[in-house]
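# Fold and contact review
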Amino acid sequence: MTATLYDVAVRAGVSVSIVARVIHQSKNVEPDVQHRVQQAIEELKFRPNLFLQRKQTQQVVTIALIIPDLENPFFSKLARAVETAARQRGYTVFICVSDDRADREKIYIDTLKKNLIDGIILASNTLGPEDLYEMKINAIPLVVLDRMDHVRDHDLCTVLSNNRKGAKKAVQHLIEIGCAKIAHIAGPEAILPAKERRQAYCEMIYPHRIVTGDLTLDGGMQAIQSLLELEPEVDGIFVANDWMAIGAVKMLKHLGKRIPEDIAVCGFDGIELGEMIDPPLTTVAQPIDEMGEVAVTILIQKIEGRDFARSDTYELEGKLMIRESTTKGV
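Residues numbered from 1 in each chain as written. Predicted model: local features only at pLDDT ≥ 70, side-chain atom pairs only at ≥ 80, totals over all residues. Heavy atoms only, no water.

## Digging into the sheet that holds strand β4 (residues 142–145)
Inclusion rule: Pairing between two strands requires that DSSP report at least two bridges joining them. Each helix is a run of DSSP H or I of at least 4 residues and each strand a run of E of at least 2, with the numbering of both proceeding from the N terminus. The convention used is that axes are lines fitted to C-alpha atoms, helices contributing only their stretch in contact, and that angles between N-to-C directions extend from 0 to 180 degrees.
An order of β2-β1-β3-β4-β5-β11 is seen for the 6 strands of this open sheet, with the pairing classed as parallel. Either end of the sheet is taken by a strand with one partner, and the two such strands are β2 (92–97) and β11 (313–316). Averaged over all pairs of adjacent strands, the angle between their axes in this sheet comes to 20°, without regard to strand direction. Strand direction decides the pairing type here: strand β1 (residues 62–67) and β2, joined by 6 bridges, are parallel. Its bridge partner lying in β2, T62 is registered against T92.

Put into structure tokens, the structure is as follows:
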């Protein structure tokens, strides 16, 4: 069986983070501790990450971005933000599309263990606690971006938008323009952003008028049909993401509803396509470029051994963009 970073730490009698510092030649490690770790590495025939060797020989240093979907423009824009930030720092990015399948994500992670990739930015809700634990004990440089709920129980660095605050901005806007019966087209609760946006809506609106979609264009169209069958008097809708909101607008127009005169619609994400539809979509725009920049910066610090133990959560604030889907003549 291949030795892990955790095995080395146990043999040397130190923490995993100390082993990582020795491997990455970080400062502030006592000579005797360093000797014990190096001896344990030799005895266990442990293969440390080859980042330093590749860096010194000017070989390509790579980051894997694992995302669930490229059809959703939010993830396309997020991938662009990550790639731009990494390229500016001399890193190459592999875009890995998992289609929300845990088996595909595990294949990508196994590739990292073989030292072909130096770090991962993971936007996923499919990997379980055991997968995260294995990555942690192997000291795989990792930053979680946007989606995962149980990551907070594993001391991993997370970068995401403040979903609750953003959702409350959206709902408050619908209230302020005079909507009296506000509904929510929610995303799956297994996905953290969708869960938090639903919770924020429920805290502000009662009785709840909620239908669930799958965060796709078709999901938004189907959700509108279900919603109007249940709640035909709805006059405002907060949708969990822009991609579904665009589908909702399309179906509402097909059903002969005027937007915003009959029903006002507000989304969440800030994708460019929302500005191009008729009427342009009011939305809470996530700071996607900043999210990519922060995630890349922290991951590179981890890869280079300068900030290995960092496990902070970074919540960035979205901005309400008011357009004609909620206020005519904006």
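Read on, since the account is not over.
## Observations concerning the side chain of E105
This is how the line gets drawn: Three exposure classes are used, based on accessible area relative to the maximum for each residue type with a 1.4 Å probe and protein chains only: buried under 20%, partly exposed in between, and exposed over 50%. By the criterion applied in these results, polar contacts are pairs of N or O atoms within 3.5 Å in which, for protein atoms, one can donate a hydrogen and the other can accept it, and in which residues neighboring in sequence qualify only through two side-chain atoms. Contacts are assigned to residue pairs with any non-hydrogen atoms lying within 4.5 Å of each other.
Looking at the secondary structure, you find E105 in helix α6 (residues 102–113). Judged by relative accessible area, E105 falls into the buried class, the value being 0%. Within the local environment of E105, its side chain forms a polar contact with the side chain of S98, the two groups lying 3.0 Å apart. Beyond its immediate chain neighbours, meaning those up to four positions away, E105 contacts I66, S98, S124, T126 and L127.

## Describing the sheet that holds strand β10 (residues 282–285)
The sheet built from 6 strands is open, its strands ordered β7-β6-β8-β9-β10-β12 with mixed pairing. Unpaired on one side and paired on the other, β7 (210–212) and β12 (319–321) mark the two borders of the sheet. Within this sheet the neighbouring strands show an average axis-to-axis angle of 20°, counted without direction. Across 4 bridges, the pairing between strand β9 (residues 264–269) and β10 is parallel.

## So, the pairing of β4
Residues L142 and V144 of β4 are buried on one face, and the alternating residues V143 and L145, pointing to the opposite face, are buried as well. As paired elements, strand β3 (residues 119–122) and β4 share 3 bridges and run parallel to each other. Across the sheet, the residue bridging to I120 is L142, located in β4. In this structure, β4 lies alongside strand β5 (residues 157–161), joined through 3 bridges in parallel fashion. Bridge assignment links V143 to a residue of β5, and that residue is C157.

## Observations regarding the environment of A81
With respect to the helices and strands, A81 occurs in helix α5 (residues 73–87). With 211 residues separating them in the primary sequence, A81 and G292 have C-alpha atoms 5.0 Å apart. The residues contacting A81, other than those within four sequence positions of it, are I288, D289 and G292.

## Notes on the packing of helix α8 (residues 163–176) against helix α9 (residues 192–204)
The test is simple: Geometric relationships in this document are graded by angle, where less than 35 degrees denotes roughly parallel, more than 145 denotes roughly antiparallel, 65 to 115 denotes roughly perpendicular, and other angles denote oblique. A crossing counts as left-handed when the near helix is turned anticlockwise from the far one by less than a right angle, and as right-handed when that turn is clockwise. Think of it as three bins: nonpolar holds Ala, Val, Leu, Ile, Met, Phe, Trp, Tyr, Cys and Pro, charged holds Asp, Glu, Lys and Arg, and polar takes everything else, Gly as well.
Put simply, α8 and α9 touch, their axes get as near as 8 Å, and they point 40° apart. It follows from the interaxial angle that α8 and α9 lie oblique. Seen along the crossing, α8 lies across α9 with a hand that is right-handed. Here N163, R164, A167, K168, V171, Q172 and I175 of α8 lie close against α9, whose contacting residues are P193, E196, R197, Q199, A200, Y201, E203 and M204. Here the residues of the contact of α8 with α9 are counted per class, giving 7 nonpolar, 3 polar and 5 charged.

That's the geometry; what it means functionally is another story.
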